[in-house]
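Fold and geometry: a report
The lines below spell out each chain.
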Amino acid sequence: MAKVSVIWVGLLLVFGLAAMGEAASENLLSGGGSGPGIQPTAEDWINMVNEFQKGSLSSRLGIPMIYGIDAVHGHNNVGLVLQTAIEVRATGISYAFAPCIAVCRDPRWGRCYESYSEDPNIVRAMTEIIPGLQGEIPANSRKGVPYVNGKDKVAACAKHFVGDGGTTNGINENNTVIDRHGLLSIHMPAYYSSIIKGVATVMVSYSSWNGKKMHANHELVTGFLKNTLQFRGFVISDWQGIDRITSPPHANYTYSVQAGVQAGIDMVMLPFNHTEFIDILTNLVESNVIPMSRIDDAVRRILRVKFSMGLFENPLADLSFVDQLGSQAHRDLAREAVRKSLVLLKNGDEADAPLLPLPKKANKILVAGTHAHDLGYQCGGWTITWQGLSGNNHTTGTTILSAISAAVDPSTEIVFTENPDAEFVKSNNFSYAVVVIGEPPYETAGDSLNLTISEPGPSTITNVCSGVKCVVVVISGRPVVIQPYLSSIHALVAAWLPGTEGQGVTDVLFGDYGFTGKLPRTWFKTVDQLPMNSGDPHYDPLFPIGFGLTTQPIVASY
């Protein structure tokens, strides 16, 4: 049987409903990068999940398990994007840890790329992904009740509750210092919308609010989320989130179990020590430290979600959607999303003619930069593995260099070198250059106090753009330091993390489509300005939120 990183122990694993008798179940997830072997097929995933499910069904009560996965930008464990629900279902999995509805208020945070915006209104609007994952909730549904409609949908998870994007200096898992009004007006609105849309689960944040760990915050998890907002799905911890209630983690595990369960966490993510958790929780309940009513609440919520997912009627996955995984239709949609999300930040100086769109027919063009021919860099973190990878051997897709080769006229000569020196550029009489640079992939390793592009990125910009008209394409999960190079750059594109479909970039570079994208977050001048968000008194950005130049598509003449 394939190695899987985590057992979630739902509280129903240990104790049953007082009124309904004993219930037992385990629930599983694939940790970042874990799965049924290297480059597994959809059938491999289905077979693995079904084997686990058969084990769960063979227990005394036969309660089906939930199997979850971090499908945070498409089904990223298999490297694909968009159409998340159907592609996750195609591999036999019924639960996705998405969407991340953090409101990133400081791009120094390494998980800022998982956040839709610094603007809570934009993040709230993006909760529309929940009906996409779970199905449209019926008009007469009770508020807060989870809703998952059909075998082609998955249970969603709104995360990380709450304030994860507001930590001091953007430090991951740290402390969000803000008054209650600020918390409710900036970081909470997307949770209101998620619950109205029937989100099945909510994941708690590692971070603290004014010094109180969210995994131990009864006031917000039970008092506000469950009682005030009337959320009726289940609350899940983050990976080892219970352990991290104390510093150092696991320092007083009995206290952590008590604090987390009494805060209102219903399902606990335990990668290494589920038997220890079970023993401690059993003792806490038998000694009346944790009341049985708390266990009953957790069991009701987990079973409610399992019933809404249809797991009791259809516990085993089949091959119905296998042909959907990585289908051309899904790739076409991903390509469309890429071209619509790109933001044109500069297109020539006022005295110059715009550089974009680029002519497809040219004598000789230069393509440069570390990110021009690297699918791993295009996809970023949470792709195949937890922190992401570099290179082109991990998934199927089109690099930006390959997309350029497909886009230009067959007579156009393309020269590719990652970091040419200035003399090479000046001596080759290039018509123009495309420079693709940016950040390496990351997740937890992404916190940065300087937000600089690492070498040779800056050198490549300087060497190339001093010798030929250049468009610089920035591959990054967030705004980065670009002001020192801006005067030498002729056209500048924020491409974010475009994923596998590099042709979405060339669609707009060469004018098959126009640029339409707008910045979802502020692009700063210097890191000394941070945190800086729209509406702040000291707001003086390089490019403000909502900025984005437009171009018109080139109409082909025949």
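Being a predicted model, the structure only gives us computed values, none of them experimental.

1. Re the pattern of salt bridges
Opposite charge on two side chains permits pairing when their charged atoms draw close. Under the defined criterion, the tally for this structure stands at 22 salt bridges. For Asp70, the salt bridge goes to Lys159, with nearest N and O atoms at 3.8 Å. Of this pair, Asp70 sits in the loop between strand 3 (67–69) and helix 2 (84–90) while Lys159 is found in strand 5 (residues 157–161), placing the two residues 89 residues apart along the sequence. Relative accessible area serves as the criterion here: at 1%, Lys159 is assigned to the buried category. A salt bridge links Glu439 to Arg478; its shortest N-O distance comes to 2.9 Å. Of this pair, Glu439 sits in the loop between strand 15 (432–438) and helix 15 (457–465) while Arg478 sits in the loop between strand 16 (470–475) and helix 16 (483–486), and the two are 39 residues apart along the sequence. In this structure, a network of salt bridges that share partners links the residues Lys226, Asp266, Arg294, Asp297 and Arg301.

2. Description of the sheet that holds strand 16
Taking strand neighbours across the sheet as the criterion, the six strands line up as 12-17-16-15-13-14 in an open arrangement whose pairing is mixed. Of all strands in the sheet, those bounded by a partner on one side alone are strand 12 (343–347) and strand 14 (413–416). Ignoring which end each strand starts from, the neighbouring axes of this sheet average 20 degrees apart. By the bridge criterion, six bridges tie strand 15 to strand 16 in an arrangement that is parallel. Residue pairing in the sheet places Val434 in a bridge with Val471 of strand 16.

3. So, the domain arrangement of the chain
In terms of domain boundaries, the chain breaks down into domain 1 (1–324) and domain 2 (328–529). Between the C-alpha centres of domain 1 and domain 2 there is a distance of 35 Å.

4. Looking at the pairing of strand 17 (residues 491–496)
Among the six residues in strand 17, six count as buried, and that is most of the element. Here strand 17 shows no split at all, with Ala491, Val493 and Ala495 on one side and Leu492, Ala494 and Trp496 on the other all buried. Across four bridges, the pairing between strand 12 and strand 17 is antiparallel. What sits directly across from Asn347, in strand 17, is Ala491. Bridge count between strand 16 and strand 17: five bridges; the pairing is parallel. Each bridged residue has a counterpart across the sheet, and for Val474 the counterpart in strand 17 is Ala494.

5. Describing helix 6 (residues 189–196)
With six of eight residues buried, helix 6 is to be regarded as a mostly interior element. Where helix 6 is concerned, the buried positions are Pro189, Ala190, Tyr191, Ser193, Ser194 and Ile195. Summarising the contacts, the buried residues of helix 6 are in contact with helix 3 (120–125), helix 4 (129–134), strand 5, helix 5 (180–187), strand 7 (201–204) and helix 7 (218–228).

6. Some details on the side chain of Thr506
Along the polypeptide, Thr506 turns up in helix 17 (residues 503–509). Assessed through its relative accessible area of 3%, Thr506 is described here as buried. A distance of 3.1 Å separates a polar atom in the side chain of Thr506 from the backbone oxygen of Gln503. Excluding residues within four positions of it along the chain, Thr506 makes contact with Ile400, Ala403, Ile404 and Ala407.

7. Details of the state of the cysteines
A complete count under the given rule lists two disulfides for this structure. Between the sulfur atoms of Cys104 and its disulfide partner Cys112 the distance amounts to 2.0 Å. Its S-S torsion of about -110 degrees marks the bond between Cys104 and Cys112 as left-handed, since a negative value means left-handed. Of the two residues examined, Cys104 and Cys112, each falls in the buried class. Across a sulfur-sulfur distance of 2.0 Å, Cys465 and Cys470 are joined as a disulfide pair. Its torsion about the S-S bond being 105 degrees, the disulfide of Cys465 and Cys470 is classed as right-handed. Of the residues examined, Cys470 reaches a relative accessible area of 0% and is grouped as buried. Sequence-ordered numbering of the bonded cysteines in the chain gives a disulfide pattern of 1-2, 3-4. As a non-bridged cysteine, Cys157 has Cys100 as the owner of its nearest cysteine sulfur, 9.7 Å distant.

8. Considering the packing of aromatic side chains
According to the stated counting rule, one finds ten aromatic pairs in the structure shown. Measuring from ring centre to ring centre gives 5.1 Å for Phe161 and Tyr191, while their planes differ by 90 degrees; the resulting arrangement is edge-to-face. Separated by 30 residues along the polypeptide, Phe161 in strand 5 and Tyr191 in helix 6 bring together distant segments of the chain. By relative accessible area, Phe161 is classed as buried at 0%. Taking the centre distance of 5.2 Å and the plane angle of 25 degrees together, the rings of Phe543 and Phe547 count as stacked. Accessibility expressed as a relative area gives 7% for Phe543, which makes it buried. Through pairs of rings, three or more aromatic residues link up here, namely Tyr95, Phe97 and Phe234. Positioned above the aromatic ring of Tyr206 is the side chain of Arg244, whose terminal nitrogen or guanidinium carbon lies 4.2 Å from the ring centre.

9. Section: the sheet that holds strand 8 (residues 208–209)
The sheet built from three strands is open, its strands ordered 6-8-9 with mixed pairing. Of all the strands in the sheet, just strand 6 (175–176) and strand 9 (212–213) have a single pairing partner and so form its edges. Sheet topology places strand 6 next to strand 8; two bridges connect them, and they run parallel. Counted as the bridge partner of Thr176 is Trp209 from strand 8.

10. With respect to the nonpolar core
Grouped together as the largest cluster of nonpolar side chains are 62 residues, with contacts concentrated most on Phe161 and Val257. In terms of residue count, the dominant contributor to this core is helix 9 (residues 274–286) (five residues). In this view, Val257 contacts Ile242, Phe277, Ile280, Leu281 and Leu284; residues no more than four positions away in its chain are not counted. If you look at the next biggest cluster of nonpolar residues, it comprises 30 residues, including Val343, Cys470, Tyr485 and Ala494.

Each value, and the rule that gives it
Residues numbered from 1 in each chain as written. Predicted model: local features only at pLDDT ≥ 70, side-chain atom pairs only at ≥ 80, totals over all residues. Heavy atoms only, no water. Salt bridge = Lys/Arg side-chain N within 4 Å of Asp/Glu carboxyl O. Helix = DSSP H or I, 4+ residues; strand = E, 2+ residues; numbered from the N terminus. Buried < 20%, exposed > 50% of the residue type's maximum accessible area, 1.4 Å probe, protein only. Pairing = 2+ DSSP bridges. Axes fitted to C-alpha atoms, helices over the stretch in contact; angles between N-to-C directions. Domains from an automatic or database assignment. Contact = heavy atoms within 4.5 Å. Polar contact = N/O pair within 3.5 Å; in protein donor to acceptor, adjacent residues only side chain to side chain. Disulfide = S-S within 2.5 Å. Phe/Tyr/Trp six-rings, centres within 6.5 Å; stacked < 30°, edge-to-face > 60°. Lys NZ or Arg CZ within 6 Å of the ring centre and 35° of its normal. Core = buried A, V, L, I, M, F, W, Y, C linked by side-chain atoms within 4.5 Å.

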